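Structural features, examined
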Amino acid sequence: ITWTLLQPTTKTKKSITRKIMTSSTTAATTSTGKVAVIGATGGVGRFVVKHALEKGYAVVALARSEEKLRKVVGKDDFDRLESYVKGSCDDLTKLEETISGADFVISCLGTPSGQEPVVESGTKNVIATMKKLGVKNLAMISSCGVGDSVKQAKKNAKVFMYVVKPLFLSKLFQDLEQAEKVCEQESGLNIVRVRPPHLQDK
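Residue positions are given per chain, counted from 1 along the sequence in the order it is written. The predicted origin of the model limits local features to residues at a pLDDT of at least 70 and limits the giving and counting of side-chain atom pairs to 80 or more, whereas totals for whole chains, interfaces and linings rest on all residues. Only hydrogens and water are removed before side-chain values are computed, so all heavy atoms of the structure are retained for them.

Turning our attention to the packing of helix α2 (residues 45–54) against helix α3 (residues 66–73). To get an axis, a line is fitted to the C-alpha atoms, and for a helix only the part in contact is used. The angle between two axes follows their N-to-C directions and goes from 0 to 180 degrees. What counts as a helix is a DSSP run of H or I of at least four residues, what counts as a strand is a run of E of at least two, and both are numbered from the N terminus. Running from N to C, α2 and α3 point in directions that differ by 65°, and their axes come no closer than 10 Å. Once α2 is placed against α3, the crossing between them reads as right-handed. Only Lys68, Val72 and Val73 of α3 make contact with α2, whose side of the interface consists of Arg46, Val49 and Lys50. Partitioned by chemical class, the residues of the contact of α2 with α3 number three nonpolar, no polar and three charged. In this scheme the crossing of two helices becomes right-handed for a clockwise turn of the near helix relative to the far one and left-handed for an anticlockwise turn of less than a right angle. Any two residues whose heavy atoms approach within 4.5 Å at even a single point are treated as in contact. Side-chain classes are defined by residue name, with Ala, Val, Leu, Ile, Met, Phe, Trp, Tyr, Cys and Pro counting as nonpolar, Asp, Glu, Lys and Arg as charged, and the others, Gly among them, as polar.

Okay, structure coming up:
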C-alpha cells in the first residue's frame, strides 16, 4: 500500500481538485485515462468531475441524482461524461458498474448534514469492488484533523479543533478516522489520502 498525504495550504475546492488529479495520475500504473468518481455531486466531487473532463479524461460519475449532477457540473459537462451511474456507495452493483475498467478511482464521499456517516462503510465497499475488478489506484477525501494531522490542525485551527470538532463534528471525524483505518488494512492498492482544511466553493 502506498500512502501519499496531501495537506494543502490553499483552501479552494478547485485547487484541491488539481492536487488530487495530479497525485492520482502519478499513482496510476496505466495511462488510458478513465476515472471513476464516487460522490460526484458533493462539494469536492463536482470539481473533480469538471477538472477531469477539462484534462481530457474519460469520466464515469456515481451519484444519487441525475438532476442534481446536471445542475452542479452543468449540462455541457454532464453530456461529456462517458457515463452516469445512478446509485450510492451502499449498492455494490452500481459501484461495480462505475469502477469497471477505471484506471483510478476518486472517492469524494462525505456525509450530508443531518444524516448518518457513510464514509467508512462506503470506503469498504469501494475497496471491495476495486479488488474484485482488479483496479489498483484510489484517491480518497479525508480531512485535516484526522490521523497524524491532528497536531498540525490544532496548531493552525485552534477554534475548530478544540470547539467545533468535539461539540458538533465528532461523529463525522470518527467516521473519517475509521475510513482511513480501512485503507491502512489493505494491501496491493495504491492509495492517496487527501486531507484538506476548510474548503470554499471556488
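To continue, consider the side chain of serine 107. Note that serine 107 resides in strand β5 (residues 104–107). Discounting residues that sit within four places of it in the chain, serine 107 has contacts with Ile38, Leu138, Ala139, Met140 and Ile141.

Contact geometry for helix α5 (residues 92–99) and helix α6 (residues 119–133): axes closest at 10 Å, N-to-C directions at 55°. With respect to their mutual orientation, α5 and α6 come out oblique. Judged by the twist between their axes, the crossing of α5 over α6 is right-handed. Between α5, through Leu92, Leu95, Glu96 and Ile99, and α6, the contact on the second element is made entirely by Asn125, Val126, Thr129, Met130, Lys132 and Leu133. Its residues placed into classes, the contact of α5 with α6 shows six nonpolar, two polar and two charged. Should an angle fall under 35 degrees it is called roughly parallel, over 145 degrees roughly antiparallel, and 65 to 115 degrees roughly perpendicular, with every other angle called oblique.

Confidence scores labelled pLDDT are given residue by residue by the predictor and lie between 0 and 100. In the predicted model, the protein chain carries a mean pLDDT of 85, and the fraction of residues at 70 or more is 82%. Here residues 26–31 is a poorly scored stretch, pLDDT under 50, and it has nine contacts once near neighbours within four places are set aside; other chains count.

What follows deals with the nonpolar core. As used in this record, nonpolar core signifies buried Ala, Val, Leu, Ile, Met, Phe, Trp, Tyr and Cys residues forming a set joined through side-chain atoms within 4.5 Å. Using a 1.4 Å probe on the protein chains alone, a residue whose accessible area is under 20% of its type maximum counts as buried, one over 50% counts as exposed, and one in between counts as partly exposed. Counting residues in each nonpolar core, the largest one holds 26 residues, and the members touching the most others are Ile38, Ile99, Val105, Val126, Met130 and Leu138. Contributions of two or more residues to this core are made by β2 (34–38), β3 (58–63), α5, α6, β6 (137–141) and α9 (170–184). The element that contributes the greatest number of residues to this core is α9, accounting for five residues. Ignoring any residue separated from it by four or fewer positions in sequence, one finds isoleucine 99 in contact with Ala36, Ile38, Val105, Val126, Thr129, Met130, Leu133 and Val135. The next biggest cluster of nonpolar side chains, apart from the first, holds 24 residues, and it includes Val35, Phe104, Ala139 and Val192.

On to the packing of aromatic side chains. Two aromatic rings from Phe, Tyr or Trp, using only the six-membered ring of Trp, form a pair when their centres are within 6.5 Å; if the ring planes differ by under 30 degrees the pair is stacked, by over 60 it is edge-to-face, and anything between is tilted. Following the criterion strictly, the structure yields two aromatic pairs and no others. With a centroid separation of 6.1 Å and 80° between ring planes, the pair formed by tyrosine 57 and phenylalanine 104 is classed as edge-to-face. On the criterion of sequence distance, the pair formed by tyrosine 57 in the loop between α2 and β3 and phenylalanine 104 in strand β5 is long-range, its members being 47 residues apart. Relative to tyrosine 84, the ring of phenylalanine 78 has its centre 5.8 Å away and its plane inclined at 50°; by these criteria the two rings are tilted. A relative accessible area of 18% means that tyrosine 84 is categorised as buried.

Any carboxyl oxygen of Asp or Glu within 4 Å of a side-chain nitrogen of Lys or Arg constitutes a salt bridge here. For the coordinates displayed, the defined rule picks out 13 salt bridges. Between aspartate 148 and arginine 195 there is a salt bridge whose closest N-O contact spans 2.5 Å. Of the two residues, aspartate 148 sits in the loop between β6 and α7 (150–156) while arginine 195 sits in the segment after β7 (190–194), which places them 47 residues apart along the sequence. Relative accessible area serves as the criterion here: at 1%, arginine 195 is assigned to the buried category. Of the charged contacts, one joins glutamate 180 and arginine 193 as a salt bridge, the two residues approaching to 3.0 Å between their closest N and O atoms. With a gap of 13 residues between them, glutamate 180 in helix α9 and arginine 193 in strand β7 connect regions that are remote in the sequence. With respect to burial, glutamate 180 and arginine 193 carry one shared label: buried.

When you tally the buried positions in β2, you get five out of five residues, the bulk of the element. Of the two faces of β2, both are covered, the one formed by Lys34, Ala36 and Ile38 as well as the one formed by Val35 and Val37. Crossover connection from β2 via α2 to parallel β3: handedness right-handed. The rule for pairing is simple: two strands pair if DSSP sees at least two bridges between them. By the bridge criterion, four bridges tie β2 to β5 in an arrangement that is parallel. Its bridge partner lying in β5, alanine 36 is registered against valine 105. If the strands point away from the viewer and the path from the first strand over the helix to the second runs clockwise, then the crossover is right-handed.

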